[in-house]
Amino acid sequence: MFYLIGLGLGNAKDITVKGLEIVKKCDKVLLEGYTSILTVGHNVLEEFYGRPIIIADRELCESHIDKFLMEARDDDIALLVVGDPLGATTHTDMLLRAKQLGVRTEIIHNASIMNAVSCCGLQLYNFGETISIPYWTETWKPDSFYEKIIGNYTRNLHTLCLLDIKVKEPTEESLTKKVRQYMKPKFMTVSEASTQLLHIIKENQNSGLTEDTLAVGLSRVGAPDQRITVLSLKDMQTHELGPPLHSLVIPSPNLHPLELDYLAQFR
């Protein structure tokens, strides 16, 4: 069997009882380490589970996962995923490939930022389409996600913005070389995301959003040192919210009274 097991958002103990029982009996356990990160190191997981863990980077997950899927024909293989296993399309693709190879699969769900974002007081029913904000470079500054933020905003819906992370990403210079070189890991902050959004707003001045638009910044949701702050986008770009991971929410223009009351504590 090939298992996809969600780890939740906080620490090693956030795995479900069912997930932990499976981990303990599996022949091999992998930890997917590039679509998100846990707030503790993989060595903490190994100690808690009482077994070794193989780190699965982007290259393994996207190009070499078939090796482990083939092993799952005869053995029990688990892939641990921070949050919920189906929060990224990479894992959906794995399930499809497993089916093509005749491998049985099972999914063990868990909490993810997609539902835990409600810790800020904004009601899940009032969220629209979730978007991702990528890191800009000197030559690549995509902004297509902004249309989705505006679409949500005009329908009085909140937007959860997932912020880019770079873990074992090859440098542009090494892409054409035989030996890959990798960038240092980096994780987008709410400050960086707000700065990029303000650049887009400046180019789209009649879009409905301004530098005074309210934003909610969240860091390390589910961890003991979780932080939430409510500021204008202008002020958010200079605000330090601590260690990763960060998320940003653009609330709807007309908030429910309960949402207003709950957000007030984070101002």
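Residues numbered from 1 in each chain as written. Predicted model: local features only at pLDDT ≥ 70, side-chain atom pairs only at ≥ 80, totals over all residues. Heavy atoms only, no water.

### Remarks on the overall build of the protein chain
- What the protein chain contains, in helices and strands, is 10 helices and 12 strands.
- Since a compact globule built from 267 residues should have a radius of gyration of about 18 Å, the 20 Å found for the protein chain is in line with a globular shape.
- Counting only C-alpha atoms, the protein chain reaches 60 × 45 × 30 Å along its principal axes.
- Classification of the 267 residues of the protein chain by burial places 48% in the buried group.
- Of the roughly 13,800 Å² of accessible surface on the protein chain, a fraction of 51% belongs to carbon and sulfur atoms.
- Taking the average location of the 27 positive side-chain charges in the protein chain and that of its 34 negative ones, the two points are 4 Å from each other. (Helix = DSSP H or I, 4+ residues; strand = E, 2+ residues; numbered from the N terminus. Rg over C-alpha atoms; globule rule 2.2 N^0.38 Å. Buried < 20%, exposed > 50% of the residue type's maximum accessible area, 1.4 Å probe, protein only. Areas by Shrake-Rupley, 256 points an atom, 1.4 Å probe, with all protein chains shown as cover. Lys, Arg positive; Asp, Glu negative; His and termini not counted. Charge placed at Lys NZ, Arg CZ, Asp CG, Glu CD.)

### Observations concerning the sheet that holds strand 10 (residues 214-219)
- If you trace the 5 strands from one edge of the open sheet to the other, you get 6-7-12-10-11, paired in mixed fashion. Looking at which strands have only one partner, the edges of the open sheet turn out to be strand 6 (131-133) and strand 11 (227-232). Here the strands of the sheet are splayed against their neighbours by 25 degrees on average, with no regard to which way each runs.
- In terms of strand pairing, strand 10 meets strand 11 through 6 bridges, oriented antiparallel. Each bridged residue has a counterpart across the sheet, and for Val216 the counterpart in strand 11 is Val230.
- Against the sheet, helix 7 (residues 145-154) touches strand 6, strand 7 (159-163) and strand 12 (246-250), its axis set at about 135 degrees to strand 6. (Pairing = 2+ DSSP bridges. Axes fitted to C-alpha atoms, helices over the stretch in contact; angles between N-to-C directions. Contact = heavy atoms within 4.5 Å.)

### Some thoughts on the UniProt feature "binding site: S-adenosyl-L-methionine" (unreviewed entry) in the protein chain
- Within the UniProt annotation, "binding site: S-adenosyl-L-methionine" (unreviewed entry) is assigned to Leu9, Asp84, Gly87, Ser112, Ile113, Leu163, Val221 and His246.
- Looking at Leu9, the relative accessible area reads 17%, which means it is buried.
- Setting aside residues up to four positions removed in sequence, Leu9 forms contacts with Asp14, Leu38, Thr39, Gly83, Ala111, Ser112, Ile113, Ala116, Val221 and Gly222.
- Setting aside anything within four residues of it in sequence, one finds Asp84 in contact with His109, Asn110, Ala111 and Ser112. (UniProt positions renumbered as here; feature names shortened; annotations may be inferred.)

### A look at the sheet that holds strand 3 (residues 54-56)
- Spatial strand order, 3-2-4-1-5: 5 strands in an open sheet with parallel pairing. What marks the edges here is a single partner per strand, and that holds for strand 3 and strand 5 (105-108). On average, each strand axis in the sheet is inclined to that of its neighbour by 25 degrees, with strand direction left out of account.
- By the bridge criterion, 5 bridges tie strand 1 (residues 2-6) to strand 4 (residues 77-81) in an arrangement that is parallel. Counterpart to Ile5 in the pairing with strand 4 is Leu80.

### Quick word on helix 5 (residues 89-100)
- Between its first and last C-alpha atoms helix 5 spans 17 Å; for 12 residues at 1.5 Å apiece the expected length is 16 Å, and the two agree.
- Gly102 sits one or two positions beyond helix 5 and adopts a positive phi of about 75 degrees. (Expected span 1.5 Å × (residues − 1).)

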